[in-house]
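For reference, the chains in residue letters:
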Amino acid sequence: MWEELIQYDKELFLFLNNLGNPTWDGFWMFVTNKFSAIPLYLALLLLTYIQFGLKKTVLVLVTVAFMILVTDQLANFFKYGIQRLRPCYDPDLNGLVRLVKNSCGGEFGYFSAHAANNFAVAIFFTFLLKPKFRYIVIFLMVWAVLVGYSRIYIGVHFPLDIVTGALIGLIFGGIFWKLAILAVDKIRE
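Residues numbered from 1 in each chain as written. Predicted model: local features only at pLDDT ≥ 70, side-chain atom pairs only at ≥ 80, totals over all residues. Heavy atoms only, no water.

Chemist: Got a minute to help me understand the nonpolar core in this structure?
Modeler: Most often, soluble globular proteins have nonpolar side chains that are buried together. By size, the foremost hydrophobic cluster in this structure holds 41 residues, and its most contacted members are L44, F124 and F125. Breaking this core down by element, the ones donating at least two residues are α2 (22-32), α3 (38-52), α4 (54-82), α5 (113-129), α6 (136-153) and α7 (159-184). Here this core gets eleven residues from one element, more than from any other, and that element is α5. The residues touching F124, leaving out its near neighbours within four places in the chain, are V60, T63, V64, M67, G173, F176, W177 and A180. In terms of nonpolar packing, the next biggest core, distinct from the first, is built from nine residues, L16, L93, A115 and F158 among them. (Core = buried A, V, L, I, M, F, W, Y, C linked by side-chain atoms within 4.5 Å. Buried < 20%, exposed > 50% of the residue type's maximum accessible area, 1.4 Å probe, protein only. Helix = DSSP H or I, 4+ residues; strand = E, 2+ residues; numbered from the N terminus. Contact = heavy atoms within 4.5 Å.)

Below is the structure:
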């Protein structure tokens, strides 16, 4: 059963990865670049400040930094513990992967830290800011999905890597949001 799932994952990867073309490569390389999210993070910081004030915003920032550290390190733990090869290193896919970037990255890819971090940030700020900014969930989830797909598009992650990263991110985003709210409620402005 596990072998069948892995085979379907490889087939889905090849289908999605080979949908790409040079016209769109620059866009997807922009989306996958962690620095492209800086304007989004600055906007989230501003919205948090508007809703909570300075002291609580600092607490939220510390919580988000710790959340990203945890999801990122958990991804590394799984990558080196499971040791599933990235598509660009998989000998079964030799010559079939459309690798858009100059290098493939580390040898192992299960699960995607990009997906985990972006989905964690998306759900954290959705819960945090939804009372005042009702439709923020749409924007943040679309961004997280785009980042996840970009990892398949550029050839460095299988769909299962992305789905697992997204689920981990959603779980930890929810946990850290709850912790942040408990701490924020104790601070007086």
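Chemist: When you look at the layout of surface pockets in this model, what are you seeing that I'm missing?
Modeler: If a probe the size of a water molecule is rolled over the atoms, the empty space left behind becomes visible. Its volume calculated, the largest pocket comes out at about 540 Å³. Considering the residues around the largest pocket, the lining is formed by 23 residues, among which K34, A37, Y41, I68 and N117 are closest to the centre. Counting only elements with at least two residues in the lining of the largest pocket, the list comes to α2, α3, α4, α5 and α6. The class makeup of the residues in the lining of the largest pocket is 16 nonpolar, five polar and two charged. (1 Å grid on protein atoms, 1.4 Å probe; cavity = no way out; pocket = protein on both sides within 12 Å on 5 of 7 lines; lining within 4 Å. Points joined across faces, edges and corners; volume = space filled by probe spheres on them. Nonpolar A, V, L, I, M, F, W, Y, C, P; charged D, E, K, R; others polar.)

Chemist: When you look at empty space enclosed by the protein in this model, what are you seeing that I'm missing?
Modeler: Counted according to the given criterion, the structure contains one cavity of 30 Å³ or more. Here the largest cavity is characterised by a volume of approximately 30 Å³. Around the largest cavity, the lining residues are L40, Y41, N118, V121, A122, L140, W143 and A144. Of all elements in the fold, only α3, α5 and α6 reach the threshold of two or more residues within the lining of the largest cavity.

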